[in-house]
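Okay, here's what each chain looks like letter by letter:
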Amino acid sequence: MANPPCIAIIGAGIFVRTQYIPRLAEISNLFKLKAIWSRTEESARGAMEIARGKSFPEVECKWGDKGLDEIIQDGSILAVAVVLAGQIQVDISLKLLKAGKHVLQEKPAAASINEIETVLSTYKSIYTNSPSQPIWAVAENYRFEPAFVEGKKLLPEIGDMMSVQVIVEGSMNSANPYFSSSWRRNFIGGFILDMGVHFIAGLRMLVGCDVISVSANISHVDKTLPPPDNISSIFQLENGCSGVFVMIVSSRSPKIYWRIVGLKGTLEIGRGMQDGQHGYTVSFYGADGHSKNWFYPFSGVTEELTTFLRDVSHANLKGSNHEIEPRLSFIEGARDVAVLDAMLESGMKNGAQIQVKKL
């Protein structure tokens, strides 16, 4: 790419080190990584060393308030990936947006529907008073997984939708590197909200319409996890179909799948492994009783990063008229949070039916 944009990464935690840096190295022709920032010098230097060994020999490290200000004031840095604790990343994103930087912020979009409504108003004021609208994207990689992209194309073949099931039996135990993450343990909704937005994103993408109301029960059984660690919900879709969403944060027998039953067939997407690769199997069961299966390895993080960087390049060429990829938009990530927020509210109210906030 001619004149690739300079970018920075805000955050130097597990996901930056194990996903962002390796995945960005796969598409290093699309940008220049100028800086990695963290609150502490030690963390920033650690991530910088990993990046320098992964196609980014010139990347610098910055830390603390001074380092963040340097990135904000650096006119050569056009875009920033914000990969921080859920409690603080929205405020940092808004600071960068106000400085005219394009932002790709990690999920969840925000901690609650109340925060979302506040920050959307702030974001609107930023681009209303700016000659060009800075992109605010949310990194919800499930919308970019090939299994969901290809699976969605099969949906018309199942005919009228009759039932939807989303079953999540997770594996968030002490063997998982995120298990001890302090911010997730102090987050309202805990792992249900942080992890759950992925599964809601997959649901909303597959069915092609929004969830309008929910009724849920929540519980806290595994005391090694923050509450709640279980949720069972009935939901109603805009198209009139209903479904169930069941999520267990940590199970001894992990299993994750989305299943949509129609008059003419059934579509199912399930997580698994094939030939040593982690990914998803897409299964289509037709009216004739025969099934077809396709396996797609994980590649959603790379796809979303590629899309964001191309949107940044196009925005800089075209100015404020450029429309970003809808799957990346902050509002899409916010709608995922709105569904879970309603489920958690219903759980707190003993299963009362709650309308999902429209955004």
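Residues numbered from 1 in each chain as written. Predicted model: local features only at pLDDT ≥ 70, side-chain atom pairs only at ≥ 80, totals over all residues. Heavy atoms only, no water.

A. Fine view of the side chain of S329. The topology assignment puts S329 in the loop between α9 (300–318) and α10 (330–348). Judged by relative accessible area, S329 falls into the buried class, the value being 14%. Only 3.0 Å separates the side chain of S329 from the backbone oxygen of P326, close enough to count as a polar contact. Not counting residues within four places of it along the chain, the set of residues in contact with S329 comprises W136, V138 and I324. (Helix = DSSP H or I, 4+ residues; strand = E, 2+ residues; numbered from the N terminus. Buried < 20%, exposed > 50% of the residue type's maximum accessible area, 1.4 Å probe, protein only. Polar contact = N/O pair within 3.5 Å; in protein donor to acceptor, adjacent residues only side chain to side chain. Contact = heavy atoms within 4.5 Å.)

B. Structural context of the packing of helix α6 (residues 146–154) against helix α8 (residues 190–207). The contact between α6 and α8 brings their axes to 8 Å, and the two run at 30°. Comparing their axes, α8 and α6 come out roughly parallel. Judged by the twist between their axes, the crossing of α6 over α8 is right-handed. On the side of α6, the interface is formed by F148, V149, G151 and K152, while α8 contributes G202, M205 and L206. A class-by-class count of the residues in the contact of α6 with α8 yields four nonpolar, two polar and one charged. (Axes fitted to C-alpha atoms, helices over the stretch in contact; angles between N-to-C directions. Parallel < 35°, antiparallel > 145°, perpendicular 65-115°, else oblique. Left-handed = near helix turned anticlockwise from the far one by under 90°. Nonpolar A, V, L, I, M, F, W, Y, C, P; charged D, E, K, R; others polar.)

C. Highlighting helix α5 (residues 113–128). The end-to-end C-alpha distance of α5, which contains 16 residues, comes to 22 Å, matching closely the 22 Å that a straight helix rising 1.5 Å per residue would cover. Within α5 the residues assigned to the buried category are I113, I116, V119, Y123 and I126. Considered in projection along α5, the buried side chains sweep an arc of 120° and stay on one side of the axis. Exposed residues on α5 whose side chains face more than 90 degrees from its buried face are N114, T118, K124 and T128. Next to the buried residues of α5 lie α4 (89–98), β6 (136–139) and α10. (Expected span 1.5 Å × (residues − 1). Arc of directions from axis to C-beta.)

D. Looking closely at the environment of F187. Checked against the element boundaries, F187 lands in the loop between α7 (182–185) and α8. Note: C-alpha distance between F187 and G86 (101 residues apart in sequence) is 7.5 Å. Ignoring any residue separated from it by four or fewer positions in sequence, one finds F187 in contact with G86, Q87, P108, A111 and L193.

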